[in-house]
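# Architecture at a glance
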Amino acid sequence: MADAPALGRVLSAIVTPMRADGSLDLDAAQRLATHLVDAGHDGLVVSGTTGESPTTSASEKDQLLRAVIEAVGDRCVVIAGAGSNDTAKSIESVRLAEKAGAHAVLAVTPYYNKPPQAGLVAHFTAIADASDLPVMVYDIPGRSGIAIARETYLRIAGHERIAAVKDARGDLWFASEMMQETGLDWYSGDDAMNLGHFANGAAGFVGVTSQVAPAAYREMADAVVDGRWDDARAVHRRLTPLVNAVMNVTQGAIMAKAGLVVQGVIASPVVRLPLVEADDSQTALVRDAISAVG
């Protein structure tokens, strides 16, 4: 594989730890960030959907980002989730992220209002123009309701600061075409397809389950880089019960927090409404899956 990409190869969209009263636990966020970097993570996404970005304030996002940068910003790439369905608010978030010291920003396709493709071009261009930070575009039609079209990719790829794509659309052939035609660094945004994207030539992944099994995901990525595909497949298959437990039972943030509590990495599984904490059976499921992975 090519040299390590600028934004890293093994990344997680981290949860936002909270205390029992629902307030941010910044100390726990720093411990989580340090734990992941110690286990081989190249980068962290702060205040993505897994970080409960819809229900944290701009001030909380800023505090969280600064805490993570303080803890590990000299050891890994810290990417700030800065996208929304309001371009003006996204621009404000990007500027705050740059001021806080983020190394890049993640910009999701605008959700719910379903803009036309021309609107996506204008939206991503405005975000990229708002700072000097590299932009990772997040294509997730299952959440946003709209996919980024081929012509849109070709147009935005010409912007000097649009550097990468987090792909959660589930179409490896389309990903192949876009990697070939745009030259953008491609990242799997779907835990179940990480190995498939690697085989397709992706630069890396931005995972959720990877924060619950960081060493295993580092092992898989290293095996891919070394061309040890049998080893990579073995890790991928070993991880299947954990991916199913974290991603296919309920919302990933809920189950990732439950798993991190089981492991003693964070103290509280609290999430903010409309999310609800994992129940006993869900917690048992993720505990059993962690044990199966080893």
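As annotated in an unreviewed UniProt entry, the protein carries the name 4-hydroxy-tetrahydrodipicolinate synthase and comes from Terrabacter terrigena. Looking at the Sequence similarities (unreviewed entry) heading of the UniProt record, one finds this comment for the protein: "Belongs to the DapA family." Looking at the protein in UniProt, the text filed under Pathway (unreviewed entry) is "Amino-acid biosynthesis; L-lysine biosynthesis via DAP pathway; (S)-tetrahydrodipicolinate from L-aspartate: step 3/4."

## Describing the nonpolar core
Leu44, Leu65, Tyr153, Trp186, Leu239 and Leu242 are the most contacted members of the largest nonpolar core, which has 82 residues in total. Not counting residues up to four positions away in its chain, the partners in contact with Trp186 are Tyr153, Val165, Asp167, Ala175, Met178, Met179, His197, Ala202, Ala203 and Gly204.

## Looking at the pattern of salt bridges
A complete count under the given rule lists 14 salt bridges for this structure. For Arg169, the salt bridge goes to Asp139, with nearest N and O atoms at 2.7 Å. Of this pair, Arg169 sits in the loop between strand E6 (162-167) and helix H7 (172-182) while Asp139 is found in strand E5 (residues 135-139), placing the two residues 30 residues apart along the sequence. With its nearest N and O atoms 2.8 Å apart, the salt bridge here joins Arg228 to Asp231.

## Section: the UniProt feature "binding site: pyruvate" (unreviewed entry) in the protein
The UniProt record marks Thr50 and Val206 with the feature "binding site: pyruvate" (unreviewed entry), using the residue numbering of this structure. These annotated residues cover 157 residues of sequence, and their C-alpha atoms lie no more than 11.0 Å from one another, placing them together at a single site. Relative to the helices and strands, Thr50 resides in the loop between strand E2 (43-46) and helix H2 (58-72). On the basis of relative accessibility, which here comes to 9%, the residue Thr50 falls in the buried class. Residues within four places of Thr50 in sequence aside, it is in contact with Ala13, Ile14, Val15, Thr16, Val208, Gln211 and Ala253. One can find Val206 in strand E8 (residues 204-207). Of the residues examined, Val206 reaches a relative accessible area of 1% and is grouped as buried. Here Val206 is in contact with Leu11, Ser12, Ala13, Val45, Met136, Lys166, Tyr187, Ser188, Gly189 and Asp191, once residues within four sequence places are set aside.

What counts, and where the lines are drawn
- Residues numbered from 1 in each chain as written.
- Predicted model: local features only at pLDDT ≥ 70, side-chain atom pairs only at ≥ 80, totals over all residues.
- Heavy atoms only, no water.
- UniProt positions renumbered as here; feature names shortened; annotations may be inferred.
- Core = buried A, V, L, I, M, F, W, Y, C linked by side-chain atoms within 4.5 Å.
- Buried < 20%, exposed > 50% of the residue type's maximum accessible area, 1.4 Å probe, protein only.
- Contact = heavy atoms within 4.5 Å.
- Salt bridge = Lys/Arg side-chain N within 4 Å of Asp/Glu carboxyl O.
- Helix = DSSP H or I, 4+ residues; strand = E, 2+ residues; numbered from the N terminus.

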